[in-house]
Amino acid sequence: MADQEEEDLRMALRMSMQHETPEPKRSKPGENKDTVGEEVESQELKNRRMQRELMASAAEKRMMAARNAATASAVRVEKSGKEEKSSGAATEGSVTNQGKKISLVKCEGKIGNSGIELSMAEAHQLFSMIFGGEVTKDILAQWSNQGIRFSLDQDTCMGLVQHEGGPCGVLATIQAFVLKYLLFCPEESGYAAASMSTNLGSRSSKTEFGAVDIFPSLTEDKKSRALVRSMCEMLFLCGNNEKVVLASLDILDGEVESSGDKSMDEVIAKTLEGFAIESGLDLQKVLRVNCYTSMTSAYHRLEAMLPVFRGRMGAMLFLISALLSRGLDAVQADRDDPTQPLVTAPFGHASQEIVNLLLSGKAVANVFDGKMDLGGGMFVSGISSSVEVGFLTLLESLNFCKVGQYLKCPKWPIWVVGSESHYTVLFALDTKVQEENEFETRETRIRRAFDAQDQSGGGGFISVEGFHQVLRDLGITLPAHKLEQLCNTGFIVWSEFWQVLLELDKNLGGLKDSTGLMGKKVFDLYHFNGIAKSVINGDQTSGNENPIQRPRLTKLKVSVPPRWTPEEFMADVPMQSNSGSGKDDPAEVSKPEPSKHAPLVDCIRTRWARATCFWEGDAPSIV
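Engineer: Give a detailed account of the pattern of salt bridges, specifying residues and quantitative values.
Structural biologist: Evaluation of the coordinates by the stated rule reveals 19 salt bridges. When the shortest N-O distance is used, the salt bridge between Asp369 and Arg448 registers 3.7 Å. Note that Asp369 is positioned in the loop between α14 (352–360) and β7 (371–375) and Arg448 in helix α17 (residues 438–452), a separation of 79 residues in sequence. When salt bridges with common partners are traced through the structure, they connect Glu396, Lys402, Lys408, Arg447 and Asp451 into a single cluster.

Quick look at the structure:
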């Protein structure tokens, strides 16, 4: 088909170049060949010749475009299987993005506008998708003045610092992936993730519960590589592991190259002074994009573009890159209500759809597992597969939603934490906090079977029919009076079902444990809040009128007793008076830590339901 089209184009071009007059149109029998007829015929020939010339000109342009595409394709085929050099240059062909063909260009290691521009329709669709039709200048300013850069404070130097409200959903999600690479996925060969986490977990901290002493030794080089690897993985996740689309600004090209004795960051900051994006038209004028199908070339391009992402437009450019990598039509198809902007009014916070896109590669609005049937052929989608880093939210503790097991139990012990207005990060240094003992394994299996029958939108209750299916799936045998008691209202509430299981013997499918120690866990968690605030704990200098503005890292001691509540645990486990019995004494091991409360503890309890937490100093903040 393509060969025939090319031959037709060549013939049209040859016809336009011929000088002899084409055969005149023949007259019909009986038609007079007078002078008037000759003039009409002559005019007709002129019109036909002009038409051929216009067609040939168009054909010539199409042939040139076809030759360029063929050349690019040949270069791509020739380079396939070969690793690109670390110069940052990349040559790609063309990639189909949700049914749309995107022409790609050769990038010569520049960090500015080497790329293609979006059409006006695409630019307006992108801007409207992010901000909606009535966005305020304050919200635009928040998203236009937030770079992706590490904190200068020594204790929190591994963290991305946030100065503006709004983009925290983007920054916290990137932060979670950065921690994955810093803690569990080292670049050096011979270091396994498990040994890395063990080494980190054994290091001492400055104070028993203060800022840990494991991050200040990280070099800028290692942090930058972890950041590039994180962004590369996240964008490929959005691109279905097939492609990455990187967005930059054409106003940076040339200016950056002639930086002279100034640093790259200084030049970019100077160039972007007074720059603003307030409409789809502004976006179309300055945005340039490149598409990469090779992980290596995308990595080197991101590495070259780090100064751009550190600049004040960095968070917005990364969000745009993620949306374009997914494909605008695919993003809208993911969402429950595509008419609403992704940046929520009135405060300009990143929506759950943005966070889920960066965590899972799909811009779904829900945090439960799989799909939920609303009846009438209507479904809403949640998280469809396991994830690298997870998500917990205060809203679950308030019964506004139900986070599924995919987000609660990610591959690595790192979670983005959501509140009503902010996103932060919770993490552990030891992967063992993710391991389930016998009690937790049984609890997870029971909860998953119950949730599979929950059609209430995360309300925590199921129908009698669904309840009988849960009992069959789990092999649980309830006494008749307990079964009647649970079913007499027409629906079964999770908390009541769980209490019955705690009192039911293990041989009947319950969780009753005569020792009272099944499920005991003690471990450490760390919470990072990237918003730059005054940190009193970190600045004890007397008479200091200007407290340090910096992010905060807090260590929490977490204890998870084996019963439904700590009070039940204390009532059932006898305490011995012999205080010198040592650490291995069951009474000493089972004694709960002193407990403190903060909204973060409520989030932690959505993952470990009976957790008690203790920290030193100010309560960790999730706002």
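Engineer: Explain the pairing of strand β11 (residues 423–427) to me, and be specific about the residues and the numbers.
Structural biologist: For β11, the buried fraction is high: five of the five residues fall into the buried class. Neither face of β11 is exposed, since Tyr423, Val425 and Phe427 on one face and Thr424 and Leu426 on the opposite face are all buried. Pairing of strand β10 (residues 414–418) with β11, which is carried by five bridges, proceeds in the antiparallel orientation. Residue pairing in the sheet places Trp415 in a bridge with Leu426 of β11. As consecutive antiparallel partners, β10 and β11 are separated by four residues.

Engineer: Got a sec to walk through α14? Specific residues and values, please.
Structural biologist: Along α14, nine of the nine residues are buried, which leaves the element largely enclosed by surrounding structure. Along α14, the residues classified as buried are Gln352, Glu353, Ile354, Val355, Asn356, Leu357, Leu358, Leu359 and Ser360. One or two steps after α14, the chain reaches Gly361, where phi turns positive at roughly 90°.

Engineer: Report on the nonpolar core, specifying residues and quantitative values.
Structural biologist: Leu287, Phe318 and Phe427 are the most contacted members of the largest nonpolar core, which totals 101 residues. Considering every element that reaches this core, the biggest residue donor is helix α5 (residues 168–183), with twelve residues. Each residue touching Phe427, except ones within four places of it in the same chain, is listed here: Leu179, Leu183, Phe215, Pro413, Ile414, Leu525, Tyr526, Phe528 and Leu553.

What counts and what doesn't
- Residues numbered from 1 in each chain as written.
- Predicted model: local features only at pLDDT ≥ 70, side-chain atom pairs only at ≥ 80, totals over all residues.
- Heavy atoms only, no water.
- Salt bridge = Lys/Arg side-chain N within 4 Å of Asp/Glu carboxyl O.
- Helix = DSSP H or I, 4+ residues; strand = E, 2+ residues; numbered from the N terminus.
- Buried < 20%, exposed > 50% of the residue type's maximum accessible area, 1.4 Å probe, protein only.
- Pairing = 2+ DSSP bridges.
- Core = buried A, V, L, I, M, F, W, Y, C linked by side-chain atoms within 4.5 Å.
- Contact = heavy atoms within 4.5 Å.

Read these as layout, nothing more, since geometry by itself doesn't imply function.
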